[in-house]
Amino acid sequence: MMALKDELIFLILQYLNEKKYKEAVHKLEQESGCYFNMKYFGDLVQEGNWDEAEKYLGSFTKLEDNRHSVKIYFEIRKQKYLEALDMSDRGKAIDILRKDLKVFASFNEELYKEMVQLLALENFRQNQQLSKYGDAKSARNNMWVELKRLFEANPVFRDKLKFPSCESRLESLIKQSLRWQHQQCPNPRPNPTFQTLYTDHACPTDGARGPAPRNVQLMGPPNPRAETFPPMDSHSPFPLVVSPSASATQRWMAIANPPLPPAAAAAQVPSALLQPQSAAAFFKHPRTPANAPGGDNQTVESERVWKRLRTAQTDEASFAGASRPPNIRPQDDIPKTVARTLNQGSNVMSLDFHPIRQTILLVGTNVGDVDIWEVGSKERIAHKTFEVWDMGSCSTPLQASLIKDATISVNRCLWSPDGSILGVAFSKHLVQTYAFSLNAELGRVSEIDAHVGSVNDIAFSHPDESLSIVTCGEDMTIKVWDATTGQKRYSFEGHEAPVYSVCAHRIESIEFIFSTGSDGKIKAWFYDGLGPKVEYDAPGHGCTTLAYSANGTRLFSCGTSKDGETHLVEWNETNGRIKRTYSGLRNRPFGVVQFDTSRNLLAAGDENLIKFWNMDRAYMLTATDADGGLPPSPPLRFNREGSLLAVATSDSGIKILANTDGQRLLTTTENRPSEEGSWHGQRIVQATVDGTPAADVKQLRIPGDGGWKSSDIVDSAHLKALRLPDSPAAASRVVQLLYTNSGIAVLALGSDGIHKLWTWARVDHNPSGKSNASVAPRLWQPSNGAVMINDATGSNPEEGTCSCMALSNNDSYVISASGGKVSLFSLVASKLMTTLLSPPPAPTFLAFHPQNNNMIAIGTEDSGVLIYDAQTAAVTANLEGHQKKITGLAFSQSLDVLVSSGADAQLCMWSIDGWEKKMARFVRAPASHAAPLAGDTKVQFHKNHPHLLVVHESQLSIYDGKLECMHSWSPRDALAASISSATYSCDGLSVHAGFRDGAVGIFEADGLKLRCRIAPSAYLSPSIPGREAVVYPVVIVAHPSAPNQIALGMTDGAVHVLEPSDADPKPVAVPPKKNAALPAVSNPNPVLE
């Protein structure tokens, strides 16, 4: 639901349009930015009214906002330029080149040069690419078709291209108000006369005339006694942010329930870095007794949670060096190539990839079998046939059902969030859970007689912070069980048809469940026993599955009705309505269509095909038949990163489809060595059938996602190393280093406060466009020549001890400091947007909340931690507990906590809900180090576990969620120097560490066992006379999607990217040797598409 401010503007626009005030309409459209009038803009373009077109466009988006905006401005100015040339007006053409087109040279210099060269031609149609250019009218028509496509794809214009359908609504509201006022009159008269809108209506008393109009201050403060709209103005501390509108008054959890009091409904939602979806109001279900026991606390807590802001994920920024537009996935990034084929042996009913080990696939079949495959090597590593573990404890209906018909099928198999437990739902009564470990067989955990009849679906949840399994069934109930003991914890009733699916989700510390019945009824439940909080109808009123996007911010459903109509839709959680319906599905499919989500991609099995959609576009993106052999509606499943897609085949098999990253992942798995020389431990898994070794299942070595073949790398033959190109004069020590979340760029902060950005182009030998050590990037520089530089007032630039930097989740904004004020930069525009929090104290560490860019944690030099709210531009909490400066901050979404570390070697855990300190621990000094510890201590949470990596110069340590040390390693032997930096790999299976002698160590995350040492001679050039004696990595960072790629920021100002070599040499032990010359640096240019 839009903010009331926006709705009021729409009503005014509608009224002005009905009254034919055209100029006022377009002026208000520009000033409000609520509605982009495509027809008006199209008329300006078709008429060649370029100045007015750009003026109107500029009210909604600036050229530097994103790649779509760049393209829109370029198309308009290019057409204006070509028309000037066509009219032989060379002077005007030159003026357009200088004033309008020169700005695009920074995006594509070659293209700009080609535009300049057109001046030398008698007729620009002599240029091959422009040979088909007709007249100005046809060219404008063709351009307008392209512009409409760009507007629809541009996130800036999301929700601004469609005008709400409501005729004469403003006049209707006024008439309703007047009628209501008349009803409130003390002496209402028939056929009243309304003389003014400036004051409330009142019928005159006998013999008296109506009240004369008063001189009313229309724009003055509201009457405090009158009911008013919620505040309509919003504070926007960060400019240049275009966001979808949001409402602070209602959420679909409130459907069919009484409204909040006006005070609560009037909460405003100011805009900030990213506009949140909605501040939701939660209400009691009308069927719940007001005095229900235990209801008040849960209701208050639930209301608090639903009022909290959920940040919408948008991708409004991109880099000039990247050829892909934001939020639009290139088709070669879609896993469509058949890379592996597995012979399952029976019809596949359910699939699920392991959440951490992305090439391990769980499979359930129509005969009750459960199998685990390592898809890279095509090895079946575990197999279980159906068996009732304890028939004596089974219910009588189950025993009778099995005696009558012993056949049973798997309806759903699913990994727990950390992959340690798997659950299996069967077509008769039962749910079984197993413990999974790479070095042991599947272990029985619990067998649950869950429902009478079929168990249709399962999901894992964490109520009360303990792992539970949610089940639903043919008996029209939803139940929640302890995943390890099998004890029932909750039961929910309210459906009037069999429950077809469940979807467990979490917002902050509150867990809830969506359920759908076979009649298409959607309900939502809290763990409060107070009944469903949502009752809604799925489109088609049929069997429907709900699923959230990978980041948990967008909700989708796919369902097939009894009449065979299939609906794939995205829900607008703001108002409970369908936000988008995806086209391209068969009207009468065979069975229920299954779907899955991955990042910004949707996939569904339909018509013997796999069909793909971009989440932000309604039409089908592409489809594949996976080389044939698919059933009409095949089950399918993405892996975590979306690089692999498993799909069932008609011949009882499974096909693994992959994109470029997926093929590399499969090849890495297939070629894993058996020597002890890889990065990760080689664990032998013995496949079992019913607890005994299976003769037809081979032994498989399953490490993590390894790729390094030598345990000691001393020269460049055993790795790929690339020193990123930089100006010769650049010698500032690198103090902070980041990969962008998309993996296409590296951002460095020097001790002088200057930021540098390297971007990789998408070329033939780098089709993904992601960073790697084989293709040199370019050092990106904006067209205006501006440099992103921090305020360093009062700091020592040589030390860089107070330098810190963090990147927003959508890669659009950088927040950074170098001892002075905190700076907020637009990364795409290379532009300082604002500064905040002047020292003292100086900021020493910065961190964005992983799901909410409006929440920023700021560590300071005086040992405090400030929680900054970007929406209100205010500090909302000041956390005190350290004795020295803050040197590390890490958010955990699963634990809902923030962990801080300081130069006092202390760890503090803070609850995000209320910012209370939960616990604190001092890092213990190793035996070889004097106690107590002092010095910088860094922290990082594991991506999928509540495990915390703690880094101090004296040790690496892994802590659990209660801040208890699980594993520790101290420098010794070949890695005896002190530790300078360390990080988890993106898959969480490795820890990469840098040392102050220049060496790099790769450790197993589980146990911190050293697997590989990279000597500085393997990646550093020979020493240069006069250079400092020891060059070492100040900071080491891991690529966000390539587990074996790391980047090093060095003391001499250089940045190196390291990857394993493609070759497979044997481990060597030779004297250290200097590496060869660095690869030549190319300078690929981006292309305007």
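Rules and cut-offs
- Each chain carries its own residue numbering, running from 1 in the written order of its sequence.
- Where totals are concerned, whole chains, interfaces and linings use all residues; where local detail is concerned, this predicted model gives features only for residues with pLDDT of at least 70, and gives and counts side-chain atom pairs only at 80 or more.
- Excluding hydrogens and water, the side-chain figures rest on all heavy atoms present in the structure.
- We define a salt bridge as a contact between a side-chain nitrogen of Lys or Arg and a carboxyl oxygen of Asp or Glu at a distance within 4 Å.
- Residue exposure (1.4 Å probe, protein chains only): buried if accessible area is under 20% of the type maximum, exposed if over 50%, otherwise partly exposed.
- Strands here mean DSSP runs of E at least two residues long; helices mean DSSP runs of H or I at least four residues long; both are numbered from the N terminus.
- Every helix has an expected span of 1.5 Å times one less than the residues it contains.
- Counted as a polar contact is a pair of N or O atoms within 3.5 Å, where, for protein atoms, one must be capable of donating a hydrogen and the other of accepting one, and residues adjacent in sequence contribute only when both atoms are in side chains.
- Among buried residues, those of type Ala, Val, Leu, Ile, Met, Phe, Trp, Tyr and Cys that are joined through side-chain atoms within 4.5 Å constitute a nonpolar core.
- By definition, two strands form a pair when at least two bridges between them are found by DSSP.
- Think of each axis as a best-fit line through the C-alpha atoms, taken over the contacting stretch in the case of a helix, with angles from 0 to 180 degrees between the N-to-C directions.
- To pair, rings of Phe, Tyr and Trp, with the six-membered ring standing in for Trp, must have centres within 6.5 Å; the planes then decide the type, stacked if under 30 degrees apart, edge-to-face if over 60, and tilted in the middle.

Focus: the pattern of salt bridges
Next, step 1: Counted by the stated rule, this structure contains 32 salt bridges.
Next, step 2: Among the ionic pairs, D371 bridges to R380, the shortest N-O distance being 2.9 Å. In terms of burial, D371 and R380 fall into one category: buried.
Next, step 3: Across the pair R444 and E387 runs a salt bridge, and its minimum N-O distance is 3.0 Å. Linking R444 in strand β9 (residues 443-449) with E387 in the loop between β5 (379-384) and α12 (396-404), this pair joins segments that are 57 residues apart in sequence.

Comments concerning helix α5 (residues 67-86)
Given 3.6 residues per helical turn, the α-helix brings residues three or four places apart onto the same face.
Next, step 1: An ideal rise of 1.5 Å per residue puts 28 Å on 20 residues; α5 measures up with 28 Å between its terminal C-alpha atoms.
Next, step 2: Of all 20 residues in α5, 18 are buried, a share of seventy percent or more.
Next, step 3: By the N-cap criterion, in which a side-chain oxygen at the helix start approaches the backbone nitrogen of a residue two or three places on, α5 is capped by N66, the distance to H68 being 2.9 Å.
Next, step 4: Directly beyond the C-terminal end of α5, a positive phi value near 60° is found at S88.

Some points on the nonpolar core
Next, step 1: Counting residues in hydrophobic clusters, the biggest one holds 43 residues, and the most contacted among them are F36, F41, L57, Y81, L101, L147 and F151.
Next, step 2: If you list the elements that add at least two residues to this core, you get α3 (38-47), α4 (50-58), α5, α6 (90-101), α7 (109-117) and α8 (136-153).
Next, step 3: No other element matches the 9 residues that α5 contributes to this core.
Next, step 4: Residues L362, F426, F436 and L442 belong to the second largest nonpolar core, which totals 23 residues.

Some thoughts on helix α1 (residues 4-18)
Next, step 1: Here α1 spans 21 Å end to end across 15 residues, near enough to the 21 Å set by a 1.5 Å rise per residue.
Next, step 2: D6, I9, F10, L11, L13, Q14 and L16 are the residues of α1 that are buried.
Next, step 3: At the C-terminal side of α1, K20 shows a positive phi close to 70°.

Brief notes about the sheet that holds strand β40 (residues 813-818)
Next, step 1: Strand order across the open sheet formed by 4 strands is β39-β40-β41-β42, with antiparallel pairing between neighbours. This sheet does not close on itself; its edge strands, each paired only once, are β39 (803-807) and β42 (831-836). Adjacent strand axes in the sheet meet at a mean angle of 20°, parallel and antiparallel pairs treated alike.
Next, step 2: Strand direction decides the pairing type here: β40 and strand β41 (residues 822-826), joined by 4 bridges, are antiparallel. Paired with S816 across the bridge in β41 is S823.

Section: the packing of aromatic side chains
We describe a pair of aromatic rings using the distance from one ring centre to the other and the angle between the two ring planes.
Next, step 1: Under the criterion given, the structure shown has 30 aromatic pairs.
Next, step 2: Measuring from ring centre to ring centre gives 5.0 Å for Y40 and Y56, while their planes differ by 75°; the resulting arrangement is edge-to-face. Of this pair, Y40 sits in helix α3 while Y56 sits in helix α4, and the two are 16 residues apart along the sequence. Of the two residues examined, Y40 and Y56, each falls in the buried class.
Next, step 3: With centroids separated by 6.4 Å and ring planes inclined at 45°, the aromatic side chains of F556 and Y582 adopt a geometry described as tilted. Of the two residues, F556 sits in strand β19 (residues 555-560) while Y582 sits in strand β21 (residues 577-582), which places them 26 residues apart along the sequence.
Next, step 4: Overall, F556 belongs to the buried group, its relative accessible area being 0%.

So, the sheet that holds strand β47 (residues 886-892)
Next, step 1: In spatial order, the strands read β47-β48-β49-β50; together these 4 strands make up an open sheet with antiparallel pairing. The strands lining the two open edges of the sheet, one partner per strand, are β47 and β50 (917-922). The mean inter-strand angle of the sheet, taken between neighbouring strand axes irrespective of direction, is 15°.
Next, step 2: Pairing of strand β49 (residues 906-911) with β50, which is carried by 5 bridges, proceeds in the antiparallel orientation. Each residue of the ladder has a partner; that of Q906, found in β50, is F922.

By themselves these figures say nothing about function.
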